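# Survey of secondary and tertiary structure
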Amino acid sequence: MSLDNRYDPQLHRILFGGTVVHIQDIGNSEKIRALPEQERISEILRPYKSIIINNKSVVNDSDTDIREEFWYKEYQTPAFSDPFVFLPFLPVHINVVPAVNDYVHIIYSNWSENTARKNQFYLKGPISSMMSLSKENSTQSLSVLAGGANIKPGLPLKTSSGDFFTTNTKGVFAEPNDIGLYSKGRSDIILKDNEVLIRSKKTPILNPSQYPITNTKRSFLQLSNFDSRTVLGNKQKITTNSEISEQIRKLVEYEIYYGLDSDGPFSGNINIYNLPGKSANTLTNNFTRSTEVVDLFESFQYSFVNLETLDEVANLVNKVLSGLNNGRIDLQYPGNSKTSNITDTRFPFFYRPSLATQRKQESGTQLEEQNVTNLLSKIKFPQSQKIKTSGAGLISKKNKYGINTVTKEVSYRPPRVENGDFGYAVLGSEKIFIVSNSSDAIPGRPKINLKNSDVYGLDEPTLSGNYYESTNSMVRGESLKELLSMMVRFLLNHKHLYHREPPFQLTHETSPLSKFQLSEEFKLFDSKVLNQNIRIN
């Protein structure tokens with residue numbers, strides 16, 4: 001007889017399947033009740049129908065299961081053991097108890113001679129998607145096995161090249177080179193070569209139909225050791241150019257109110273306005289040719305009538321701009337001369353076509369758009385500068401087009417890598433409590449109240465109530481030192497006009513410290529020196 005003829009696929013099976021029907025073992029020993037898929041339930045129950053315990057048949061009235069009062073039970077006389085009870089195959093220290101309706105792998109010591117149905121074990125079955133850690137029914141789990149139903153798979157996390165479909169998903173689950181110990185929800189422990197991560201609520205939601213993303217407000221503990229660290233190197237100096245943000249003092253606007261819809265002649269105005277007050281919109285690094293300004297104060301106006309060409313209009317605007325730059329506008333035209341000395345602050349100033357003229361360029365007739373574009377191309381200041389925006393620009397100081405810059409010599413220390421063995425421990429959360437069971441109560445505050453129920457974790461009302469009320473804020477050392485240094489400076493360098501008179505407002509130093517500065521620094525104590533979110537009892 002050949003080996004193939006002697007092979008019995010049932011007798012030689014290693015793993016069987018089953019569906020969990022109950023998990024609440026009264027002994028809390030991680031036993032479960034499961035229905036094996038390879039046997040008929042009626043055949044399993046047949047020999048139990050004749051067993052009577054406490055004047056009751058151990059099989060329920062519908063002949064579908066053991067009567068509930070006998071679940072997980074064993075009796076010596078008569079010989080009885082719940083046939084659907086399975087023990088964890090893994091040690092209880094690391095076993096994962098499945099949920100009701102989960103698929104499980106079933107293992108028998110000897111399936112063909114399963115005497116009293118005691119030597120039978122389970123292993124938590126596979127899942128079809130990492131997003132189904134919290135719950136997945138037996139049918140879904142079977143879809144990844146050869147005998148399972150053909151069910152549409154869950155969302156793939158990575159492309160075929162190994163990249164994540166959503167970059168914010170990276171880090172939610174362990175990478176192949178690391179080891180992950182997962183809860184049935186959103187907490188886990190990640191073991192790396194030189195790092196241990198304990199994380200709570202690592203993702204806001206874990207749903208099979210959504211890509212998980214990292215939660216930046218997660219609570220975590222990180223223990224790391226590195227073979228190198230980054231430290232600051234030797235001091236070096238570099239020269240940098242940075243833009244100066246200034247309030248614009250004057251605004252030059254020019255407009256043609258007649259003639260743009262033809263080939264001329266052209267009539268219009270050139271206005272110079274003083275910009276009022278201080279505003280973020282009128283800073284040199286924010287202002288554009290389309291910025292709207294209210295409450296303009298006109299300081300100069302020149303009206304022109306019936307100029308034959310756009311070249312004449314552009315020449316007139318350029319003369320006004322050049323005159324404002326030099327401090328004197330001198331327009332000598334027969335019948336329409338005007339001279340103005342600009343004695344007040346004029347820099348920085350901005351020039352542009354009026355908003356009404358700009359609208360002609362954007363949504364006027366074809367001829368209007370063409371005329372405005374042609375005019376703007378002819379208005380440049382100064383002529384030698386490269387103009388970024390046609391017909392508009394910023395003059396930050398005399399003969400200077402564009403924003404003012406300042407050159408500074410800055411000292412810095414470039415980072416360098418230092419080899420060695422360096423360890424770090426990081427505890428992160430929105431609120432952090434460091435609690436000693438032996439500490440006395442803080443005067444004026446209640447004592448930390450440790451209850452028996454807290455052994456399985458503190459609830460939110462306890463943390464927000466008793467723990468917050470019973471602890472004090474932690475102190476930021478450098479910020480406290482800064483405040484104490486100011487106090488010492490004032491103590492050592494202050495003077496009085498007379499004995500028993502209050503001290504002068506300023507200390508007697510090259511760079512004096514004022515009582516106001518010291519008072520303002522002390523007002524920041526609760527937010528700058530104390531960290532309200534890291535607390536200790």
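First, a word on what this report is: a plain description of the structure on this page. Predicted model, so just to flag it, every value in this text is computed and none were measured.

Another point: the side chain of Thr507. With respect to the helices, strands and loops of the structure, Thr507 is situated in the loop between helix H8 (477-493) and helix H9 (515-523). At 2.5 Å, the side chain of Thr507 forms a polar contact with the side chain of Glu509. From its side chain, Thr507 meets the backbone nitrogen of Leu513 in a polar contact 2.8 Å long. Beyond its immediate chain neighbours, meaning those up to four positions away, Thr507 contacts Arg489, Phe490, Asn493, His494, Pro512 and Leu513.

A cluster of nonpolar side chains, contributed by Ile179, Leu181, Leu191, Val196, Ile198, Leu221, Leu223 and Leu427, occupies part of the molecular surface with about 640 Å² of accessible area. Those elements that provide at least two residues to the nonpolar patch are strand E10 (179-182), strand E12 (195-200) and strand E13 (219-232). The partly exposed category is assigned to Leu221, whose relative accessible area is 31%.

A few words on the sheet that holds strand E26 (residues 472-475). Hydrogen bonds along the backbone pair up the strands of a sheet, which may run parallel or antiparallel. Strand order in the open sheet made by the three strands is E25-E27-E26, with mixed pairing throughout. Taken across any chain shown, the strands that pair with only one partner, and hence form the sheet edges, are strand E25 (432-434) and E26. Taking the axes of each pair of neighbouring strands and ignoring which way they run, one obtains an average angle of 55 degrees across the sheet. The pairing of E25 with strand E27 (residues 530-536) spans three bridges and is classified as parallel. Within the sheet, the bridge partner assigned to Phe433 lies in E27 and is Arg535.

By the burial criterion, the buried members of helix H5 (residues 355-363) are Thr357, Gln358 and Gln361. Around the axis of H5, the buried residues are gathered within 100 degrees of arc, so they sit on the same side. Summarising the geometry of H5, the exposed residues directed more than 90 degrees from the buried face are Glu362 and Ser363.

Taken as a whole and assessed by the stated rule, the structure comprises 23 salt bridges. Between Asp61 and Arg67 there is a salt bridge whose closest N-O contact spans 3.3 Å. A relative accessible area of 71% means that Asp61 is categorised as exposed. Judged by its relative accessible area of 18%, Arg67 falls in the buried class. With its nearest N and O atoms 2.7 Å apart, the salt bridge here joins Asp188 to Arg199. A residue pair is termed long-range when its members are at least 10 positions apart, and Asp188 in strand E11 (residues 188-191) and Arg199 in strand E12 qualify at eleven residues. Judged on exposure class, the residue Asp188 and its partner Arg199 are both buried.

Conventions we followed
Think of each chain on its own: its residues are numbered from 1, step by step along the sequence as written. The predicted nature of this model means local features are confined to residues of pLDDT at least 70 and side-chain atom pairs, given and counted, to a pLDDT of 80 or more, with totals for whole chains, interfaces and linings taken over all residues. To obtain the side-chain values, all non-hydrogen atoms of the structure were used and water was disregarded. Elements are defined by DSSP. Helices are runs of H or I of four residues or more, strands are runs of E of two residues or more, and each kind is numbered from the N terminus. For the purposes of these results, a polar contact is taken to be a pair of N or O atoms within 3.5 Å, where, inside protein, one atom must be able to donate a hydrogen and its partner to accept one; residues adjacent in sequence count only when each atom of the pair is a side-chain atom. Note on contacts: a residue pair qualifies if any of its non-hydrogen atoms lie within 4.5 Å across the two residues. Candidates for patches are residues over 30% relative accessible area with no salt bridge; among them, like charges are joined within 9 Å and nonpolar side chains (Val, Leu, Ile, Met, Phe, Trp, Tyr) within 5 Å. Every accessible area reported is derived by Shrake-Rupley at a probe size of 1.4 Å, with residue values counting cover from the shown protein chains alone. Any Lys or Arg side-chain nitrogen found within 4 Å of a carboxyl oxygen on Asp or Glu counts as a salt bridge. Buried residues are those whose accessible area, probed at 1.4 Å on protein chains only, stays under 20% of the maximum for their type, while exposed residues exceed 50% and partly exposed ones sit between those limits. Pairing between strands is defined by DSSP: at least two bridges between the two strands are required. Note on geometry: axes are C-alpha line fits, over the in-contact stretch for helices, and angles between N-to-C directions span 0 to 180 degrees. The directions from the helix axis to the C-beta atoms form the arc being described.

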